[in-house]
Amino acid sequence: MVSPRPTIMDVARTAGVSSATVSRVINGATTVDKELSKRVQAAVRATGYVPNALGRSLRRGGTSQIAVVAPDAENPYFTQIIGEVERIARDQSHSVTVAHTEDDLAVEQECFAQLVSRHVSGVLLVPVDGMRTDLGPLTDAGIPVVLVDRGIDGAHTDVVATDNHDAGRQAARHLHERGFRAPAVIAGSQTLRTTEDRATGFLGAWRELGVEVGADALQRGDLHLESGRTVMEQLLAAGEADCVYVTNNRMSAGAFEAIRGVEGAPALLATDDDLWTRLVTPSVSVVHQAVRATSRAAARMLTQRMANPDEEPSTTLLRSRIIERDSTQPKG
């Protein structure tokens, strides 16, 4: 049986340092402490680790390759992020590879394995699951990771995301100020922190405003258009909600389909300023996320992480804003 090839993590364990420090020594960084550098070099010899020539050339000069890993190829929010990162990367002499996980943990792990084999210099990741996504394959290979839009519980890495609690609170205040008093919210899975935080912020703000909110006010979909339509149809049949906040863009489109042309339908507050929200009748009010600012902050953070892998991770939260249109006009 062939022995497994030594990895950068084997070197790190032998030297008693982080994989990021090993990566910096191997790639010729001059800022590593001399004693640490000697320990890493000794561990490389002891383990028989052979650095990949392609990976070293990418990191030392010319065009390096970064990856953007997103869950949904058809979601306008993620396509905007990818497009913005590509523009920024070109200005910084990086090439960009894009992978989609289809919101599937197994596919996500396959993507990670492929990125490790391609020796990418860094990864901007929208994780599938805030509790179960495993960054091990990337971090074990010494590849810097910046999480975008969604965090991962316990992950020691950089994050750039929307302040989702605040987004939900803004949504509640907007609807309350316009005279609505029977709210409902359509969220995603409980393990998806983005929509869960928006829903939590939304419902909590209503209670602070003195509005009684029952358990039925929280409804769940699967982030896709069909579930938004189905859940909204159920809310219409129940006939109790006078306003509905939908916590992602795809479900928002489905919810609009369900209420279009329905007399006395609840007010609708969607997520993200997608083109359709401006073109339909009635036009749809939205909680608009700062897509360009998110992309720029994430790309900048990844560049810094690639240059200084030993710095402490940081979290950047960006604020949303309400764009008011016809769908949340004050209740008459």
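Residues numbered from 1 in each chain as written. Predicted model: local features only at pLDDT ≥ 70, side-chain atom pairs only at ≥ 80, totals over all residues. Heavy atoms only, no water.

## Section: the pattern of salt bridges
- This structure, assessed with the given rule, holds 20 salt bridges.
- In this structure, the salt-bridge partner of E74 is R250, at a minimum N-O distance of 3.6 Å. Of the two residues, E74 sits in the loop between β1 (64–70) and α5 (76–91) while R250 sits in helix α11 (residues 249–259), which places them 176 residues apart along the sequence.
- Through salt bridges with shared partners, a single network forms among E84, R87, R292 and R296. (Salt bridge = Lys/Arg side-chain N within 4 Å of Asp/Glu carboxyl O. Helix = DSSP H or I, 4+ residues; strand = E, 2+ residues; numbered from the N terminus.)

## Section: the sheet that holds strand β11 (residues 315–318)
- Pairing is parallel in the open sheet, where 6 strands are placed in the order β2-β1-β3-β4-β5-β11. Looking at which strands have only one partner, the edges of the open sheet turn out to be β2 (94–100) and β11. Going across the sheet, the axis of each strand differs from the next one's by a mean of 15 degrees, ignoring polarity.
- Pairing analysis gives 4 bridges linking β1 to strand β3 (residues 122–125), with the strands arranged parallel. In the sheet register, V69 faces β3, and the bridge partner there is L125.
- Helix-sheet contacts for helix α6 (residues 105–117) involve β1, β2 and β3, and the interaxial angle to β2 is about 155 degrees. (Pairing = 2+ DSSP bridges. Axes fitted to C-alpha atoms, helices over the stretch in contact; angles between N-to-C directions. Contact = heavy atoms within 4.5 Å.)

## Topic: the side chain of T162
- Within the secondary structure, T162 is located in strand β5 (residues 158–162).
- With a relative accessible area of 4%, T162 lands in the buried category.
- Polar side-chain contacts of T162 include one of 2.6 Å to the side chain of Q289.
- With sequence-adjacent residues up to four places away left out, T162 is seen in contact with Y77, Q289, L317, L318 and S320. (Buried < 20%, exposed > 50% of the residue type's maximum accessible area, 1.4 Å probe, protein only. Polar contact = N/O pair within 3.5 Å; in protein donor to acceptor, adjacent residues only side chain to side chain.)

## Observations regarding α11
- Within α11, 10 of the 11 residues are buried, which leaves it mostly tucked inside the rest of the structure.
- Where α11 is concerned, the buried positions are N249, R250, M251, S252, A253, G254, A255, F256, A258 and I259.
- Tucked into the core, α11 has its buried residues touching α5, β6 (183–187), α10 (225–238), β8 (243–246), β9 (267–271) and α12 (275–279).
- Sitting at the head of α11, N248 places a side-chain oxygen 3.0 Å from the backbone nitrogen of M251.
- Of the residues one or two after α11, G261 is the one with positive phi, at around 80 degrees.

## Section: the packing of helix α8 (residues 164–177) against helix α9 (residues 193–208)
- At a closest axis distance of 7 Å, the pairing of α8 and α9 adopts a crossing angle of 40 degrees. In terms of orientation, α8 lies oblique with respect to α9. At the point where α8 passes α9, the crossing takes the right-handed sense. Residues N164, H165, A167, G168, R169, A171, A172, L175 and H176 of α8 lie in contact with α9, whose contacting residues are T194, D197, R198, T200, G201, F202, A205, W206 and E208. (Parallel < 35°, antiparallel > 145°, perpendicular 65-115°, else oblique. Left-handed = near helix turned anticlockwise from the far one by under 90°.)

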